[in-house]
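Structural characterization, general
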Amino acid sequence: MLTVAQPLPLKVGHTFVRRSSLNIPNYTPATFLRGGASKGIFFNRDHLPADRSEWRSIFLRIMGSPDTANGLQINGMGGGISSLSKICVVGSASEEQKAQGIDAEYTFAQLGIRDTTVDYAGNCGNLSSMVGAFALEEGICTKQESSGRTTIRLFNTNTTSCIHTTFPVTVLNGQTFPKLDLPQASIAGVPGQASRILLEFPSPAGARTGKLLPTGNPIDLLHIRSRRGAQIPASLVDATNPSVFISHDDISRVLDTPPQPSLDYGNHEIKEIIESIRTEAAIKMGLEPTSQAQPKIAIVSPPSSTDYDISVHAFSMGVLHKAVPMTLGLCLGVAANIEGSVPWKNVRTSSSSESSAGVTITKMKHPSGIVEVHTAFGQGGILESVGAVRTGRWLMKGVVYH
């Protein structure tokens, strides 16, 4: 385990000097991980400056942003798309949090690719699935387990909410470590199998706005600024992360195109309209409209086969996502159960297969495959939790330069 908190001095002749005085980059211990269908840099909070305002320049240097020339982040660890431009900072829980059963806390940062955005507005469900394993591996929290699995209870500072991750573990010399290489599960967009990680968001309603339906309505009519007088029905839902859902048919109507099974969602005109809708929705939800990270937006349509219940094309940071951001997928699973909402109108009628009392399973098809989301409701239809199965992998551990 790396415990170096600050870059080591260099010895020049018989004298030790600071690296910065020689214009040599600083470095920080870091772990490079895949969580779900995303990859990101994970830091132990103790290895970063206590002054959080200093994180911004460090993160941008590490990721290679801004890359205004080609958007590839070729000069850093980023991969040129939003799902590969992410950072998680994990730290120990406070004494008050520990008293509430929380094992660790973390902060998620979404970094811009062509600009200098460092956005803390929302959370990443995919990377959240690996925070518990990282915290256990780093010794940020400890567990004594004999069952072969453990649950790490996390507090996310972005959304001030709790998240649970459950995964296999092994015990070595009395210490518990994550065991993530078992052939237990596969997920769309990732080849092969790995250990099953159950990602669960207890009480996910109102993660950012305090309300499951921030406007109080299952559907709102939003104005499209680029189309004079045009309006579109949208569902503004806040579960795990605030999200906006519109239908494929309504986008086709706004574009005045004949009915067709698919659209070129990468088309510049469509992307402008999508961003206009997202911005209008942000204002209605009481969110910062200039932050592309929140709310996220997705286009849904009915299934074309019985293999799944609803189709989704998601946008992240203004770009069509190759899969679906996990928090948006979880929010969609919740929205599909809200009567009168856009997803509810597009989901297959028989989609809610009961796995147990009060639990519904929604299968959603995205560009890379199909993901299942489990939604649990209590008495009176109260939303209790939403979750999904993810996998993860250790990719690299060492130091990252900045």
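Just so you know, these numbers come straight off a predicted model, no measurement behind them. (Residues numbered from 1 in each chain as written. Predicted model: local features only at pLDDT ≥ 70, side-chain atom pairs only at ≥ 80, totals over all residues. Heavy atoms only, no water.)

**Structural notes on the overall build of the protein chain**
- The number of helices and strands found in the protein chain is seven helices and 22 strands.
- Relative to a compact globule of 402 residues, whose C-alpha radius of gyration would be 21 Å, the protein chain shows 22 Å and is just as compact.
- Along the first, second and third principal axes, the C-alpha atoms of the protein chain reach 75 × 50 × 40 Å.
- Across the protein chain, contacts joining residues at least 24 apart in sequence account for 61% of those joining residues at least 6 apart.
- Carbon together with sulfur atoms contributes 50% to the accessible area of the protein chain, which is approximately 17,700 Å² in total.
- Taking the average location of the 35 positive side-chain charges in the protein chain and that of its 32 negative ones, the two points are 6 Å from each other. (Helix = DSSP H or I, 4+ residues; strand = E, 2+ residues; numbered from the N terminus. Rg over C-alpha atoms; globule rule 2.2 N^0.38 Å. Contact = heavy atoms within 4.5 Å. Areas by Shrake-Rupley, 256 points an atom, 1.4 Å probe, with all protein chains shown as cover. Lys, Arg positive; Asp, Glu negative; His and termini not counted. Charge placed at Lys NZ, Arg CZ, Asp CG, Glu CD.)

**Section: the nonpolar core**
- Of all hydrophobic cores here, the largest spans 53 residues; its most connected members are Phe42, Val90, Phe167, Phe245, Val312 and Leu330.
- Residues contacting phenylalanine 167, with those up to four places away along its chain left out, are Gly132, Ala133, Leu136, Gly148, Arg149, Thr150, Ile152, Pro178, Leu180, Arg196 and Ile197.
- Residues Ala234, Ile273, Ala282 and Met285 belong to the second largest nonpolar core, which totals 24 residues. (Core = buried A, V, L, I, M, F, W, Y, C linked by side-chain atoms within 4.5 Å. Buried < 20%, exposed > 50% of the residue type's maximum accessible area, 1.4 Å probe, protein only.)

**What to know about unusual backbone geometry**
- Omega for the bond connecting serine 65 with proline 66 falls within 30 degrees of zero, at 0°, which places this linkage in the cis form.
- Its place among the elements puts proline 66 in the loop between helix 1 (55-63) and strand 5 (86-92).
- The omega torsion of the bond from glutamine 294 to proline 295 falls at -10°, within 30 degrees of zero and hence cis.
- With respect to the helices and strands, proline 295 occurs in the loop between helix 5 (268-285) and strand 15 (296-301).
- The backbone of serine 203 sits at a positive phi, close to 45°, despite the residue not being glycine.

**Some words on the confidence of the model for the protein chain**
- Of all residues in the protein chain, 92% have pLDDT values of 70 or greater, and the mean over the chain is 90.
- Here residues 1-5 scores under 50 on pLDDT; set against residues more than four positions off or in separate chains, the count is twelve contacts.
- Contacts of residues 8-17 to residues separated by more than four positions or lying in other chains number 14 contacts, the stretch itself having pLDDT below 50. (pLDDT = per-residue confidence, 0-100.)

**With respect to the environment of arginine 196**
- Considering the arrangement of structural elements, one finds arginine 196 in the loop between strand 10 (175-178) and strand 11 (197-202).
- In the structure, arginine 196 is positioned 39 residues away from serine 235 in sequence and 32 Å away in space, judged by C-alpha atoms.
- When sequence neighbours within four positions are dropped, the list of residues in contact with arginine 196 reads Arg149, Thr166, Phe167, Pro168, Gln184, Ala185, Val389 and Arg390.

**Notes on the packing of helix 4 (residues 248-255) against helix 5**
- Two elements in contact, helix 4 and helix 5, have axes separated by 12 Å at closest approach and are oriented at 115°. Considering the angle they form, helix 4 stands roughly perpendicular to helix 5. Where helix 4 crosses over helix 5, the two elements pack in a sense that is right-handed. Each of Ile251, Val254 and Leu255 in helix 4 lies in contact with helix 5, whose residues at this interface are Glu269, Ile270, Ile273, Ile274 and Ile277. (Axes fitted to C-alpha atoms, helices over the stretch in contact; angles between N-to-C directions. Parallel < 35°, antiparallel > 145°, perpendicular 65-115°, else oblique. Left-handed = near helix turned anticlockwise from the far one by under 90°.)

**Things to note about the environment of alanine 109**
- As for its placement among the helices and strands, alanine 109 is situated in strand 6 (residues 104-111).
- For the pair formed by alanine 109 and glycine 40, sequence separation is 69 residues and the distance between their alpha carbons is 9.7 Å.
- With residues up to four places along the chain from it excluded, the contact list for alanine 109 reads Phe59, Ser85, Lys86, Ile87, Val118, Asp119 and Tyr120.

**A short note on the state of the cysteines**
- This model, assessed by the stated rule, comprises zero disulfides.
- You can see cysteine 124 has no disulfide; the closest cysteine sulfur is in cysteine 88, sitting 6.5 Å from it.
- Under the relative-accessibility criterion, cysteine 124 is labelled buried at 5%. (Disulfide = S-S within 2.5 Å.)

**Things to note about helix 1**
- Listing the buried residues of helix 1 in full gives Trp55, Ile58, Phe59, Leu60, Ile62 and Met63.
- In the core, the buried residues of helix 1 are packed alongside strand 4 (38-44), strand 5, strand 6, strand 7 (118-119) and strand 22 (392-401).
- Positive backbone phi, approximately 80°, marks glycine 64, located one or two places after helix 1.

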